[in-house]
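The primary structure of each chain is shown beneath.
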Amino acid sequence: MNTRANFDQSLQELKTLQLKMAGEAETAVKNAMLSLLNRDVELANKVINGDHLIDDLEYEIHEKALMLIARQSPVAKDLRRLHVALKVSSEVERLGDIAVNIAKSTVQIGNEQHVKELIDIPQMMEVALEMLTDAITAFYSEDPALAKKCAQKDDQVDKMFGELVQELLTYIPKNPDFTNQIIQLAYVCRYIERIADHATNIAENIVYLETGKRYNLND
Amino acid sequence: MAIQTLTRNIFDVKDLNLWYGDHHALKGVYFPIQKKEVTAMIGPSGCGKSTFLKTLNLMNKMIPNVKITGEVNFAGQNILHSKTDLVELRKHVGMVFQKGNPFPQSIYDNVAYGPRIHGIKKKKHLDELVIKALMDVALWNEVKDRLNAPALGLSGGQQQRLCIARALATKPDVLLMDEPTSALDPISTLKIEELIFELKEKYTIVIVTHNMQQAARVSDRTAFFLMGELIEFAETSKIFSTPKDSRTEDYITGRFG
Ligand SMILES: Nc1ncnc2c1ncn2[C@@H]1O[C@H](COP(=O)(O)OP(=O)(O)OP(=O)(O)O)[C@@H](O)[C@H]1O
Ligand SMILES: [Mg+2]
């Protein structure tokens, strides 16, 4: 007999909601990146207008987690699970905001030709997206090893970010007419670097959920 | 179970086994109890919590067919040795039961009972002890005008605090409490818990409770028993956050079939 079937079902529902929210944010990030690469303003607007769905899910998750804390007196892993639901949903909400920021840069650039063919930015995007997908998969399968693997890529993204921004800034004197675009692209690099940070934070929370230990995977 | 250094331990139980006839009720229990701490014992019904508690003041020594082996060292002496003076032992190790069980006497006489047994006769000295004990359990203000009224006229929560006062009146070192709040309303329960928190300044307290939140709130260390075995014994914060044994986790999170 499962003595806490009711509570377990509520926890399962909470996890489903979290996965739904993470999926929405992952899609928003992906679409925002595509909109930038393809100068697709329509797709960018779709990302901007869809963000409230992610905010609503965060609210719903917080309400549910707090209600379960109040009514079920969770301890040990149950308590960590609810703590992690609160923390991770806030990280995911920030990811939604970052997707909106990237989409806004797409709108700013409009259909102006890119100052040069984008090569390094899509590469950096790919690593950050991989990290995000790994973090979400690790959460789904409660797999601390995958979470640690995800976080290890953070350094790579940080390094790419540093180099890319340096390079972008050298373009401004040579292409003064593209100053606004170059600044937007530098912002986008910063946003991608933040995506990797949030993915790392999610990964840290999964390690904590499973082991009860705090790992700083960021350094 | 790792055995800790002995200096701070008021009790040091080693390889304790207890049988009721054929029934092996405590199995190789090692259990150090530290001075001026609250130690909680949790575990499913029948796992041996009360049996263990009663062994600490040898309440179960007189039960026919009971066999006890191992060591129960109290203040450095193994009390399982036959020469132990039970009256003296219980002066040091008081006990409070699940239901407040005052004697059908006055409030005053209930509290004075222990000191009188131990030979205190002077009214002035008795008065002092009674007042002090009633103050310690925060009952004095509620009963000071009716010390000669029957104890059975008190509410359940007051009766329980009176029984704690009765146990304290002999100035014990250790207070054993077996589910002291299981028959009380939430406010009386919290009052007893506050009291426990204050009492640990002066006393060592061992409490059996079925209320996991109570163990989490009041104790410094928690022991989890299962079928006569001590499964895990650690700081309460550790037991309720990251227990080592999966059986402990299952029990405290309520996943126990
Ligand atoms: N006087 C006795 N004679 C025979 N068996 C006993 C006696 N007292 C207890 N037992 C048995 O020993 C085991 C432990 O009992 P104990 O009272 O210590 O359990 P407990 O953990 O305090 O349970 P509960 O939470 O229900 O109070 C049980 O199986 C019980 O039936
Ligand atoms: Mg019992």
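Just so it is clear, the structure is predicted and the values come from calculations on it, not from any experiment.

On the side of chain B, 12 residues touch chain A, which itself brings 15 residues to the contact. With both sides pooled, the region where chain A packs onto chain B buries about 900 Å², and carbon together with sulfur makes up 46% of that total. Of all residues in chain A, the largest losses of buried area upon contact with chain B belong to Thr3(A), Val75(A) and Ala76(A), amounting jointly to 47% of the total for that side. Counting the contacts that link chain A with chain B gives two salt bridges. Along the contact surface separating chain A from chain B lie eight residue pairs in polar contact (both at pLDDT 80 or more). Among the elements of the structure, α1 (5-37) and α3 (76-109) of chain A are those that each provide at least two residues to the side of chain A that touches chain B.

Residue and element names in this part refer to chain B. In this structure, Ala-75 is a non-glycine residue whose phi angle is positive, near 50°. For Glu-179, which is not glycine, the phi torsion reads 45° and is therefore positive. Checked against the element boundaries, Glu-179 lands in the loop between β7 (174-178) and α7 (186-199).

Residue and element names in this part refer to chain B. Reading across from one edge, β6-β7-β8-β3-β9-β10 is the order of the six strands in this open sheet, with mixed pairing throughout. Looking along the sheet, the strands with just one partner apiece sit at the ends: β6 (93-96) and β10 (229-235). Neighbouring strand axes in the sheet, compared pairwise and without regard to direction, differ in orientation by 15° on average. Contacting β6 and β7, helix α6 (residues 156-168) runs over the sheet at an angle of about 170° to β6.

This next bit is on the side chain of Arg4(A). As for its placement among the helices and strands, Arg4(A) is situated in the segment before α1. Despite being buried, Arg4(A) has no salt bridge partner; Asp78(A) is the closest side chain of opposite charge, sitting 4.4 Å away. Polar contacts involving the side chain of Arg4(A) include one to the side chain of Gln72(A), which spans 2.8 Å. Setting aside anything within four residues of it in sequence, one finds Arg4(A) in contact with Gln72(A), Asp78(A), Thr253(B), Gly254(B) and Arg255(B).

On to the pairing of β7(B), then. Residue and element names in this part refer to chain B. Counting buried positions along β7 yields five of five residues, so the element is predominantly enclosed. Burial along β7 is two-sided: Val-174, Leu-176 and Asp-178 facing one way and Leu-175 and Met-177 facing the other are all buried. By the bridge criterion, four bridges tie β6 to β7 in an arrangement that is parallel. Within the sheet, the bridge partner assigned to Val-96 lies in β7 and is Met-177. As judged from the five bridges shared by β7 and strand β8 (residues 204-208), these two strands associate in the parallel manner. Considered in β8, the bridge of Asp-178 is made with Val-208.

Residues and elements named next belong to chain A. Cross-referencing UniProt, the feature "domain: PhoU" (unreviewed entry) maps to residues 20-105 and 121-206 in the present numbering. Spanning residues 20-105, this segment combines 93% helix with 0% strand, and its end C-alpha atoms are found 26 Å apart. For residues 121-206, the end-to-end C-alpha separation is 28 Å, with 92% helix and 0% strand making up the annotated structure.

All names here are of chain B. Taken as a whole, this structure holds nine aromatic pairs over all chains when the rule is applied. Ring plane angle 55° and centroid distance 4.6 Å describe the contact between Phe-103 and Tyr-113, whose orientation is recorded as tilted. Taken as a pair, Phe-103 in the loop between β6 and α3 (107-117) and Tyr-113 in helix α3 lie far apart in primary sequence, 10 residues in all. Judged by relative accessible area, Tyr-113 falls into the partly exposed class, the value being 37%. Ring-pair connections join several aromatic residues into one group, and the members of that group are Phe-31, Phe-52, Phe-225 and Phe-233.

Moving on to the pattern of salt bridges. Tallied over the entire structure, the rule returns 25 salt bridges over all chains. Between Arg217(B) and Glu193(B) there is a salt bridge; the shortest N-O distance is 2.6 Å. With Arg217(B) in helix α8 (residues 212-218) and Glu193(B) in helix α7, the pair connects residues that are 24 residues apart, well separated along the chain. On the accessibility criterion, Glu193(B) (5% relative accessible area) is buried. One connected set of salt bridges, linked through shared partners, spans Lys15(A), Lys77(A), Arg81(A), Glu142(A) and Glu210(A).

An ideal rise of 1.5 Å per residue puts 50 Å on 34 residues; α3(A) measures up with 50 Å between its terminal C-alpha atoms. Backbone geometry just downstream of α3(A) places Gly110(A) in the positive-phi region, at approximately 60°.

To continue, consider the sheet that holds strand β2 (residues 23-34) of chain B. All names here are of chain B. Spatially, β2-β1-β4-β5 is the arrangement adopted by the four strands of the open sheet, whose pairing is antiparallel. One side of each edge strand has no neighbouring strand; the edge strands of this open sheet are β2 and β5 (77-78). Note: strand β4 (residues 66-74) against β5, two bridges, orientation antiparallel. Counterpart to Asn-73 in the pairing with β5 is Asn-78. Across the face of the sheet, helix α1 (residues 49-56) comes into contact with β1 (9-20), β2 and β4 while running at roughly 125° to β1.

Right, let's get into a nonpolar patch on the surface. Together, Leu66(A), Ile69(A) and Leu79(A) make up an exposed nonpolar region whose accessible area comes to about 230 Å². In this fold, Ile69(A) is placed in helix α2 (residues 41-72).

Looking at the element boundaries, Asp78(A) is found in helix α3. Setting aside residues up to four positions removed in sequence, Asp78(A) forms contacts with Arg4(A), Phe7(A), Leu11(A), Thr253(B) and Arg255(B).

Once that is clear, we can look at the environment of Met21(A). Note that Met21(A) resides in helix α1. Other than its neighbours up to four places away in sequence, Met21(A) contacts Ile54(A), Leu57(A), Glu58(A), Ile61(A), Ser89(A), Val92(A) and Glu93(A).

Moving on, we come to the layout of surface pockets. All names here are of chain B. Roughly 440 Å³ of internal volume is contained in the largest pocket. Taken together, 19 residues line the largest pocket, and the ones lying closest to its centre are Arg-90, Gly-94, Met-95, Tyr-113 and Arg-166. At the level of elements, α2 (86-92), β6, α3 and α6 are the ones that each hand at least two residues to the lining of the largest pocket.

What counts and how
Here, residues in each chain are numbered from 1, in the same order as that chain's written sequence. Ligands are numbered from 1 and chains lettered from A, in the order in which they are written. Totals for whole chains, interfaces and linings use every residue, but because this is a predicted model, local features are given only for residues with pLDDT of at least 70 and side-chain atom pairs only at 80 or more, for both listing and counting. Heavy atoms from the whole structure form the basis of all side-chain values; hydrogens and water molecules are not counted. Contacts are assigned to residue pairs that have any heavy atoms within 4.5 Å of one another. Summed over both partners, the accessible surface that disappears when two parts come together, traced with a 1.4 Å probe, is what is meant by buried area. Take a side-chain nitrogen of Lys or Arg and a carboxyl oxygen of Asp or Glu: if they are within 4 Å of each other, that pair is a salt bridge. The term polar contact refers here to a pair of N or O atoms within 3.5 Å; inside protein, the definition further demands a hydrogen-donor-capable atom paired with an acceptor-capable atom, and it admits residues adjacent in sequence only when both atoms are side-chain atoms. Counting from the N terminus, the helices are DSSP H or I runs at least four residues long and the strands are E runs at least two residues long. Here, a strand pair is defined by DSSP locating no fewer than two bridges between the strands. Fitting a line to C-alpha atoms yields each axis, with helices limited to the stretch in contact; the angle taken between N-to-C directions then spans 0 to 180 degrees. Accessibility here uses a 1.4 Å probe with only protein chains present; expressed as a share of the type maximum, an area under 20% marks a residue as buried, one over 50% as exposed, and anything in between as partly exposed. Charge convention: Lys and Arg are scored as positive, Asp and Glu as negative, and His as well as the terminal groups of each chain are ignored. UniProt positions are given in the numbering used here, feature names are shortened, and annotations may be inferred rather than shown by experiment. We call Phe, Tyr and Trp rings a pair once their centres come within 6.5 Å, taking the six-membered ring for Trp, and we label the pair stacked below 30 degrees between planes, edge-to-face above 60, and tilted otherwise. Here the expected span of a helix is defined as 1.5 Å times the quantity of residues minus one. Nonpolar side chains (Val, Leu, Ile, Met, Phe, Trp, Tyr) are joined into patches within 5 Å and like charges within 9 Å, using only residues with over 30% relative accessible area and no salt bridge. All accessibility values rest on the Shrake-Rupley procedure with a 1.4 Å probe; residue burial counts only the protein chains present in the view. Grid spacing is 1 Å over the protein atoms alone, the probe is 1.4 Å, and a cavity is where that probe fits but cannot get out, while a pocket is an open set with protein on both sides within 12 Å along at least five of seven lines and lining residues have an atom within 4 Å of a point. Grid points are joined across faces, edges and corners, and a volume is the space filled by probe spheres set on the points.

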